Amino acid sequence: MSDQRGEGTGTLVLGEGRADPGYLSTRRARAAYWFREQAPISLVVAIIGAVSLFLELVGSSILLAIGGLTPYESIVETWQSGTQKSLLWIALVMGIAAVIAGVATYRRMPTKAAREGAIAGAVLGIQTVVLAGIYIWFLGGDVEIFARNFVKFDVLSGFTGQFVNGAKNTLILALSAQVLGIALGLMLSLLALSKRSVTRAPARVYINFIRGTPLLWQLQFGFYGIVLGLQFNVSPYQVAILILGLNAGGYTAEIFRAGIQSIERSQLEAARSLGMSYFQSMRYAVIPQAVRRVIPPLMNEFVILIKDTSLVALLGLTLNERELMTVGRDIYAETFNATPFLATAAGYLIVTLPMIRFVTWLETKLRSGLVGVGA
Amino acid sequence: MSAPVQPNGEPLVRLEGIHKWFGDNHVLRGIDLALEPGEVQVIVGPSGGGKSTLLRCVNMLEEPSAGRVWFEGNDITDIRVNLNDVRTRMGIVFQAFNLFPHMTAIHNITVALKKVLKIDAKEAHERAMEQLQHVGLEQKADAYPGQLSGGQQQRIAVARALAMRPRLMLFDEVTSALDPELVGEVLAVMRQLAEEGMTMMVVTHEMGFAREVGSWMIFVDGGVIAEHGRPREMFANPETERLRQFFSKVL
């Protein structure tokens, strides 16, 4: 197909006002096409909408940067300055203008790109209005007390190492637990799919127990039961990995079960009719397909698990074992200031966002072998 | 084919009083059938008449509710028989191809050779290429099923079954899911297979194929064999009213 694509001087027109730029292969060619196709009014609406949002987000950030983030008083000063307020109101008015103009005119635009331009302007305007509304509401509160307690960034100085260590421990906890959980979950899902009730029953009991009790309870009961009750010589860190893994196993089992059940029965029959045993059929024909299908829910589970590691904070970890949440909480206790929790949130995002990107990439890669199954 | 010679007149496959219930639905109501090596048994009949169920009972994908299936002189409905072993000598091709979508064409063929017959990778590859040539698709060895047409997928499915070197091939309406212009290429492969002496049971709606290639034909309707005989005679002189009606609809 790709050889049919032109390099984008816009010679192909699919009917008046409905030209589809899909044949343009480069981003630059598409942008040029988009500009050429705009009507004056749609261009104005799009620009006003974009500028309003830009002013609000980037402008406010620049003001904060110029004023300085430390000490916190300078943030308060910026927030309470006339420049910030007028910037917000200008953005708000422009946003409203873009919404009104866009909504009023998009139906009469002569080309598809022009219509999309007008709609984009209006949507950006709506975003500006919503954000400006929230910002104005926020500035109506006592920003001085807020800033002193929540964005006093100088209290963080000297704690960077602890946060990095915390992020490392969060990742170790989540990854080990997930590996354990996947192994356990795959086994449990096969048991739960058995046609024999005596095989299904124990898996169901386990899965339902795990899903039916809070993780917090499992962690605490497991920890106190094993370490304080049975007097086994294991660290809270090890117990945390074990319990998180057992917990992940229950949820992962359900994900795998749904994935395996979503593979057509005919795949199992095809494998069996080639002489494969039930387990060979599962191993070579069904499970590889099921795994590809369950990557998104499995990923979702993993992101939840990363955040669930925060519950480990209750087990009393040693200094080096602390994960992000515990680090944030301990620094809060030390400084009596809530700003560390912002750093904790940032830490979680730094861990989770690349993970989400990675799995999206992996998913497209695995999907490539799965185009249409005929019939 | 390196099949050991059967004792004279001993059938390769024999069905004896096969019944099948799905819940209250009595699909097969006593089927008796025998097929000698090298013969092609075509099975025709209206949809819902039990043709596919009958075929799937032969390789025990459906367990008969009553009756016995004999293959190579053994009763394979006996619970002690290792069906995985039996199925390596009995290939089946399905209406919906059922290729493994995550494997290339050649991998679809070699996976059972390697994992079931325990043939080493090199020899499995050679055997698979041989079969791909047989169905005229050696240049598609590395294509995924999703990149192939329906007719090509079905020929790969035939090659996959043949690579096991089975003694009996079962075909379950293998051209029904194909676009009309792709039917011919699959029928040509089956015709060639019959000429090479393969023992085959073929459920089909292709009446021309049934007449020319079939050694025997049965007409299955309402779960019983309503009429049986040589295909040409049955087409020329259908004895029962039901078969006459069936022919008038499909011919």
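Source: prediction; values computed, not measured.

S.K.: Any chance you could explain the overall build of chain A here in plain terms?
M.R.: Helices and strands together make up the secondary structure of chain A, namely 14 helices and zero strands. For chain A, the N- to C-terminal ordering of α and β elements is α-α-α-α-α-α-α-α-α-α-α-α-α-α. Relative to a compact globule of 375 residues, whose C-alpha radius of gyration would be 21 Å, chain A shows 28 Å and is clearly more extended. Projected onto its principal axes, the C-alpha coordinates of chain A cover approximately 70 × 65 × 30 Å. Taking all 375 residues of chain A together, the buried fraction comes to 42%. In chain A, once contacts between residues fewer than 6 apart in sequence are set aside, the share between residues at least 24 apart is 73%. Only carbon and sulfur atoms are counted for the fraction: they give 67% of the accessible area of chain A, which is about 20100 Å². Charge-centre separation for chain A: the mean point of 31 positive side chains lies 11 Å from the mean point of 22 negative side chains.

S.K.: I'm lost on the interface of chain B and chain A in this one. Help?
M.R.: Reports of interface size often rely on the accessible area that becomes lost once the parts have come together. With 28 residues of chain B at the contact, the number on the chain A side is 24 residues. Of the roughly 2200 Å² buried where chain B meets chain A, counting both sides, 63% is carbon and sulfur surface. There are one salt bridge connecting chain B and chain A. Remark: the boundary between chain B and chain A carries six residue pairs in polar contact (both at pLDDT 80 or more). Sorting the residues of the side of chain B that touches chain A by element identifies helix 2 (83-87), strand 6 (90-93), helix 3 (105-115) and helix 5 (150-162) of chain B as the ones contributing at least two each.

S.K.: Would you explain the pairing of strand 6 of chain B in this entry?
M.R.: Here is the key point about a regular strand: its side chains alternate between the two faces of the sheet. All names here are of chain B. Burial along strand 6 is two-sided: M90 and I92 facing one way and G91 and V93 facing the other are all buried. Note: strand 6 against strand 7 (residues 168-172), four bridges, orientation parallel. Bridge pairing links I92 to L170 in strand 7.

S.K.: How do you make sense of a nonpolar patch on the surface when you look at a structure like this?
M.R.: Taken together, the side chains of A:F54, A:L57, A:V58, A:I62, A:I66, A:I126, A:V130, A:L131, A:I134 and A:W137 define a hydrophobic patch exposed on the protein surface, amounting to about 1000 Å² of accessible area. Secondary structure elements with two or more residues in the nonpolar patch: helix 2 (40-67) and helix 5 (112-139) of chain A.

S.K.: Just to check I follow, could you spell out the side chain of B:R56 for this structure?
M.R.: Residue placement: B:R56 occurs in helix 1 (residues 51-58). A residue is classified by how much of its surface remains accessible, and B:R56, at 12% relative accessible area, is buried. In this structure B:R56 touches A:E269, B:L61, B:E62, B:F94 and B:D172, once residues within four positions along its chain are discounted.

S.K.: Would you take a moment to explain the nonpolar core for this structure?
M.R.: Burial of nonpolar side chains together is a common tendency in soluble globular proteins. Grouped together as the largest cluster of nonpolar side chains are 101 residues, with contacts concentrated most on B:L168, B:M169, B:F171, B:M190, B:M200 and B:M201. The element best represented in this core is helix 6 (residues 180-195) of chain B, accounting for eight residues.

S.K.: Could you clarify how one ought to interpret the packing of helix 2 of chain A against helix 5 of chain A in this entry?
M.R.: Axis angle and axis distance: for two packed helices, these are the angle between their axes and the distance between the axes, and together they describe the pair. Residue and element names in this part refer to chain A. Where helix 2 meets helix 5, the closest approach of the two axes is 7 Å, and the angle between their N-to-C directions is 30°. Judged on the interaxial angle alone, helix 5 and helix 2 are roughly parallel. Crossing angle aside, the handedness with which helix 2 passes helix 5 is left-handed. Residues S42, V45, A46, G49, A50, S52, L53, E56, L57 and S60 of helix 2 touch helix 5, and the partners they reach there are A114, G117, A118, G121, A122, L124, G125, Q127, T128, L131, A132 and Y135. Of the residues in the contact of helix 2 with helix 5, the class split is twelve nonpolar, nine polar and one charged.

S.K.: What is the right way to read the sheet that holds strand 6 of chain B from this model?
M.R.: Residues and elements named next belong to chain B. Pairing is mixed in the open sheet, where six strands are placed in the order 6-7-8-3-9-10. Two strands lie at the open edges of the sheet, namely strand 6 and strand 10 (224-229), each paired on one side alone. Pairwise comparison of adjacent strand axes, ignoring direction, gives a mean angle of 15° for this sheet.

S.K.: What's the story with the packing of aromatic side chains in this structure? I'm lost.
M.R.: Two descriptors summarise a pair of aromatic rings, namely the distance from one centre to the other and the angle between the planes of the rings. Scanning the entire structure with this criterion turns up 16 aromatic pairs over all chains. With 5.4 Å between their ring centres and 85° between their planes, A:Y278 and A:F279 make a pair best called edge-to-face. The partly exposed category is assigned to A:Y278, whose relative accessible area is 28%. Residue class for A:F279 comes out exposed when judged on its relative accessible area of 57%. Arranged with centres 4.7 Å apart and planes meeting at 20°, the rings of B:F235 and B:F247 form a pair that is stacked. One end of the pair, B:F235, is in helix 8 (residues 231-236); the other, B:F247, is in helix 9 (residues 241-250), with twelve residues separating them in the sequence. With respect to class, B:F235 is no different from B:F247; both count as buried. Among the aromatic residues, ring-to-ring pairing joins A:W79, A:Y135, A:F138, A:F146 and A:F150 into one connected group. Geometry around B:F100 places B:R160 over its ring, the cationic atom sitting 4.7 Å from the centre.

S.K.: Looking at this structure, how should I read the confidence of the model for chain B?
M.R.: When pLDDT drops low, the exact placement of atoms in the prediction is not to be read closely. The predicted model of chain B has a mean per-residue pLDDT of 93, with 96% of residues at 70 or higher. We note a pTM of 0.81 for the whole complex and an ipTM of 0.92 for its interfaces.

Calculation notes
Residues numbered from 1 in each chain as written. Chains lettered and ligands numbered in written order. Predicted model: local features only at pLDDT ≥ 70, side-chain atom pairs only at ≥ 80, totals over all residues. Heavy atoms only, no water. Helix = DSSP H or I, 4+ residues; strand = E, 2+ residues; numbered from the N terminus. Rg over C-alpha atoms; globule rule 2.2 N^0.38 Å. Buried < 20%, exposed > 50% of the residue type's maximum accessible area, 1.4 Å probe, protein only. Contact = heavy atoms within 4.5 Å. Areas by Shrake-Rupley, 256 points an atom, 1.4 Å probe, with all protein chains shown as cover. Lys, Arg positive; Asp, Glu negative; His and termini not counted. Charge placed at Lys NZ, Arg CZ, Asp CG, Glu CD. Buried area = accessible area lost by both parts, 1.4 Å probe. Salt bridge = Lys/Arg side-chain N within 4 Å of Asp/Glu carboxyl O. Polar contact = N/O pair within 3.5 Å; in protein donor to acceptor, adjacent residues only side chain to side chain. Pairing = 2+ DSSP bridges. Patch = residues over 30% accessible without salt bridge, like charges linked within 9 Å, V, L, I, M, F, W, Y side chains within 5 Å. Core = buried A, V, L, I, M, F, W, Y, C linked by side-chain atoms within 4.5 Å. Axes fitted to C-alpha atoms, helices over the stretch in contact; angles between N-to-C directions. Parallel < 35°, antiparallel > 145°, perpendicular 65-115°, else oblique. Left-handed = near helix turned anticlockwise from the far one by under 90°. Nonpolar A, V, L, I, M, F, W, Y, C, P; charged D, E, K, R; others polar. Phe/Tyr/Trp six-rings, centres within 6.5 Å; stacked < 30°, edge-to-face > 60°. Lys NZ or Arg CZ within 6 Å of the ring centre and 35° of its normal. pLDDT = per-residue confidence, 0-100.

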